[in-house]
Amino acid sequence: MESVEQREEKVNLAIEIAIKVGLIAMVIYLSYLIAKPFMAIVVWGVIIAVAISPLVNSLEKRFGNRKKIIIAITIAVVAALLIPTYSLSGKVIESSQTLVQTMKEGTITIPPPAEAVKEWPLIGNKAYAFWDHASHNLREALAPFKDKIKKMTGSIFSALGSGLGTIFMFVGSMIIAAVFLIGSEGAVQFYKNLSRRLMGEKGDDWANLSALTVRSVVNGVLGVAVIQATLAFIGMGLMGVPFAMVWAIGIMFLTIIQIPALLIAGPVIAYVFSQGSGTVEVIFAIYMILVSMSDGVLKPMLMGRGVDVPMLVILIGAIGGMMLMGMIGLFVGAVIFALAYTLFKFWIAEVEEKSKTEEA
């Protein structure tokens, strides 16, 4: 039997271990709380660094001076994000002030409805009556909807603020990516050491596979979505389509979750044709169709030798990430979930390999 001293020694050891584990858990938890506000921006910065490192390496071989190349790329991307944002913000603020002033003065005029409005199915008579009332006295016609209009206006400004916040997060992530790229040797070595610590002998394999996964998703899925959205925005902007930025973001979202962009491009084309049916409109329609179908050409070009990830994984990661982290989660979530899927496959393959070795 154990002596009293041995029992006390075991109890003291158990208490000491519990205290140490508790302190470590508390430090980890507090560190998580401190880092939580910055996790999305840092993770996205790391993802960007991994995705564009082959481009930086290629440019370095051709021109030399890695640091200047990284700084130039960072400045170009930051400028591409901030300059249109500044211009668009100025226009939105100016338009909002003009609209508010005009509504206060009551100088907004709405043309009277055509008699054909009455023939609209189901809502024809009500729509005609409301439209006619608004053409005579807009303020009185909108008075019953005052609270809803205020709520909708607040939601619009909230969405605009969230969009600006996302853009600034992208800028911050690009700067973080630049820092990682400048010190890439140390960062790569640290990640490989961490992978070896977690995965053992397979650490280096996992490090290489995870880098390929990130590049595959960023270039082949997110990159294509951004290119399509940008091209669509340029086309809609030239045609004067209202809320072109909103439709472009919608196209980007659909492309990421692998739904045809024509779901948005189609109604936009129909709207443009409702304003006219000349040569310009036909060219715009062809252009938008080509943009919507361009992912079939761009994906093979940008994915390279990346890892094939099922589209359902991208869909769940993108939507879940956006629900968790907002707009930036649309990108971060897709990459992280794809990495998790790849890690799961990696573990399964390792188990299968061990089973075959034991059977042999």
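Scroll up for the structure.
About the cut-offs
- Residues numbered from 1 in each chain as written.
- Predicted model: local features only at pLDDT ≥ 70, side-chain atom pairs only at ≥ 80, totals over all residues.
- Heavy atoms only, no water.
- Axes fitted to C-alpha atoms, helices over the stretch in contact; angles between N-to-C directions.
- Helix = DSSP H or I, 4+ residues; strand = E, 2+ residues; numbered from the N terminus.
- Parallel < 35°, antiparallel > 145°, perpendicular 65-115°, else oblique.
- Contact = heavy atoms within 4.5 Å.
- Nonpolar A, V, L, I, M, F, W, Y, C, P; charged D, E, K, R; others polar.
- Phe/Tyr/Trp six-rings, centres within 6.5 Å; stacked < 30°, edge-to-face > 60°.
- Buried < 20%, exposed > 50% of the residue type's maximum accessible area, 1.4 Å probe, protein only.
- 1 Å grid on protein atoms, 1.4 Å probe; cavity = no way out; pocket = protein on both sides within 12 Å on 5 of 7 lines; lining within 4 Å.
- Points joined across faces, edges and corners; volume = space filled by probe spheres on them.
- Salt bridge = Lys/Arg side-chain N within 4 Å of Asp/Glu carboxyl O.
- Expected span 1.5 Å × (residues − 1).
- Arc of directions from axis to C-beta.

Further remarks concern the packing of helix α1 (residues 4–63) against helix α7 (residues 203–238). Where α1 meets α7, the axes come as close as 9 Å, and the angle between the chain directions of the two elements is 90°. For the element pair α1 / α7, the angle class is roughly perpendicular. Of α7, the residues touching α1 (which contributes Trp44, Ile47, Val50, Ala51, Ser53 and Pro54) are Ala211, Val214, Arg215, Val218, Asn219 and Leu222. The class makeup of the residues in the contact of α1 with α7 is nine nonpolar, two polar and one charged.

The final tally for this structure, using the stated rule, is three aromatic pairs. Here the aromatic rings of Trp44 and Phe170 are separated by 5.8 Å at their centres, their planes lie at 90°, and the arrangement is edge-to-face. Taken together, the residues Trp44 in helix α1 and Phe170 in helix α5 (residues 146–182) connect sequence positions 126 residues apart. Across the pair, Phe170 and Trp44 agree in class, each one buried. An angle of 35° between the planes, with centres 5.5 Å apart, marks the rings of Trp44 and Phe331 as tilted. Pair noted here: Trp44 is in helix α1 and Phe331 is in helix α13 (residues 329–359), with a separation of 287 residues, a long-range link. Like Phe331, Trp44 is buried. What links up through ring pairs into an aromatic cluster is the set Trp44, Phe170 and Phe331.

Looking at the second largest pocket, its volume works out to about 1,600 Å³. Going through the elements one at a time, α1, α5, α6 (184–199), α7, α12 (311–325) and α13 are the ones with two or more residues in the lining of the second largest pocket. Here the lining of the second largest pocket gets 13 residues from one element, more than from any other, and that element is α1. Residues that form the lining of the second largest pocket fall into these classes: 32 nonpolar, seven polar and six charged.

Taken as a whole and judged by the stated rule, the model has two salt bridges. Salt-bridge contacts for Glu16 lead to Lys20; the nearest nitrogen and oxygen are separated by 3.2 Å. Separated by four residues within a single helix, Glu16 and Lys20 lie in helix α1, roughly one turn from each other. One salt bridge in this structure joins Arg66 and Glu60, with 3.0 Å as the shortest N-O distance.

Moving on, we come to helix α3 (residues 124–136). Look at α3: 19 Å from first C-alpha to last across 13 residues, which is about the 18 Å you get at 1.5 Å a residue. Turning to α3, its buried residues are Gly124, Ala127, Tyr128, Ala134 and Ser135. Down the axis, α3 shows its buried residues gathered within 135° of arc, on one side only. Looking at α3, the residues exposed on the side facing more than 90 degrees away from the buried face are Asn125, Lys126 and His136.

The values are spatial; any link to function lies outside them.
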